[in-house]
Amino acid sequence: MVSTAEGIQLIAAETSRLKEYVERAPRDRWRLDSPCAGWTVGDVIGHLGWAAEFFADAISQGRRGITTPPQGLPEIGSIPPAELPDFIAGKAREYQQDAGENLPDAFASSVDRLQGIFSIMQEDEWSKECWSFRMLQPASNYVNTRISEVVIHSWDIRFPSDPEARLAPESVAVARSVNILDSTDDYD
């Protein structure tokens, strides 16, 4: 298991690589199908940007003792688990559509905002309860969730145009330690 501080460092490094890729990549790559069934590369970028926003909102509220849903999100447990993937996909596509050709800037702004919140958290704030789709959870849970999001989805974004894409070696080790990669799989 990695510490919260180590997780935040990994997220920052992986996000930095991803921001650079999204900025440099030709816009036509956003229309490519990603390894996420039914999602384009642009949808995945939109998912990471949108998730960064709601993570930032939930953590910011939790720091102040507010556990109600961030604006535009449902009450805890109100979406049946089977419907949650479609809800999330809709939000990702909405984020991408709203950003349009400015997707790289919107994405960078959203992930930088989340990273900024991670950087100002005090040690005693990581245990504060925050809203999430299924239940209240400590703010620190968002770090582990974000690790899996950026590690796996950065590959999902790069792979369609680069079948030789690999995960960063430091990401593989951390992802295995938080049980998002099987230790027998060859990711590096």
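Keep in mind that this is a model prediction, so the values were computed, not measured.

Conventions and cut-offs
- Residues numbered from 1 in each chain as written.
- Predicted model: local features only at pLDDT ≥ 70, side-chain atom pairs only at ≥ 80, totals over all residues.
- Heavy atoms only, no water.
- Salt bridge = Lys/Arg side-chain N within 4 Å of Asp/Glu carboxyl O.
- Helix = DSSP H or I, 4+ residues; strand = E, 2+ residues; numbered from the N terminus.
- Buried < 20%, exposed > 50% of the residue type's maximum accessible area, 1.4 Å probe, protein only.
- pLDDT = per-residue confidence, 0-100.
- Contact = heavy atoms within 4.5 Å.
- Axes fitted to C-alpha atoms, helices over the stretch in contact; angles between N-to-C directions.
- Parallel < 35°, antiparallel > 145°, perpendicular 65-115°, else oblique.
- Left-handed = near helix turned anticlockwise from the far one by under 90°.
- Nonpolar A, V, L, I, M, F, W, Y, C, P; charged D, E, K, R; others polar.
- 1 Å grid on protein atoms, 1.4 Å probe; cavity = no way out; pocket = protein on both sides within 12 Å on 5 of 7 lines; lining within 4 Å.
- Points joined across faces, edges and corners; volume = space filled by probe spheres on them.

Let's shift gears to the pattern of salt bridges. With the rule as written, the count across this model stands at seven salt bridges. Among the salt bridges present, the one from Arg17 reaches Glu14, with a minimum N-O distance of 2.9 Å. Residue Arg17 and its partner Glu14 are located together in helix 1 (residues 4–24), separated by three residues, close to a single helical turn. Judged by its relative accessible area of 34%, Arg17 falls in the partly exposed class. Ionic pairing is found between Arg93 and Asp43, a salt bridge with its closest N-O pair at 3.2 Å. Placement of the pair is Arg93 in helix 3 (residues 84–99) and Asp43 in helix 2 (residues 41–63), with a sequence separation of 50 residues. Residue Arg93 is classed as partly exposed on the basis of its relative accessible area, which comes to 30%. Assessed through its relative accessible area of 5%, Asp43 is described here as buried.

For the chain, mean pLDDT is 90; residues scoring 70 or higher make up 90% of the total. Every residue in residues 181–188 scores below 50 in pLDDT, and together they form 18 contacts with partners more than four places removed in sequence or on other chains.

Before going further, it helps to examine the packing of helix 2 against helix 4 (residues 103–120). Relative orientation of the contacting elements helix 2 and helix 4 amounts to 30 degrees, with a least axis distance of 9 Å. With respect to their mutual orientation, helix 2 and helix 4 come out roughly parallel. In this structure, the crossing between helix 2 and helix 4 has a hand that is left-handed. Here Gly42, Ile45, Leu48, Gly49, Ala52, Glu53, Phe55, Ala56, Asp57, Ile59, Ser60 and Arg63 of helix 2 come into contact with helix 4, specifically with Leu103, Phe107, Ser110, Val111, Arg113, Leu114, Ile117, Phe118 and Ile120. Broken down by class, the residue content of the contact of helix 2 with helix 4 amounts to 13 nonpolar, four polar and four charged.

This part is about the packing of helix 4 against helix 5 (residues 139–158). Where helix 4 contacts helix 5, the two axes come as close as 12 Å, and the packing angle between them is 140 degrees. By the angle between their directions, the pair helix 4 and helix 5 is classed as oblique. Two packed elements cross with a definite hand, and for helix 4 against helix 5 that hand is left-handed. Packed against helix 4, whose contacting residues are Val111, Leu114 and Phe118, the element helix 5 presents Tyr142, Val143 and Arg146 at the interface. Class assignment for the residues of the contact of helix 4 with helix 5 results in five nonpolar, no polar and one charged.

Before going further, it helps to spend a moment on the layout of surface pockets. What the largest pocket holds in volume is close to 390 Å³. Along the walls of the largest pocket sit 18 residues, with Phe54, Phe55, Phe133, Arg134 and Thr145 positioned nearest its centre. Mapped by element, the contributors of at least two residues to the lining of the largest pocket are helix 2, helix 3 and helix 5. Residue classes in the lining of the largest pocket are distributed as ten nonpolar, six polar and two charged. Approximately 200 Å³ is the volume found for the second largest pocket. Lining the second largest pocket, in full, are Trp50, Glu53, Phe54, Asp57, Pro70, Gln71, Gly72, Leu73, Lys91, Glu94, Tyr95 and Asp98. Here the lining of the second largest pocket is built from residues that sort into five nonpolar, two polar and five charged.

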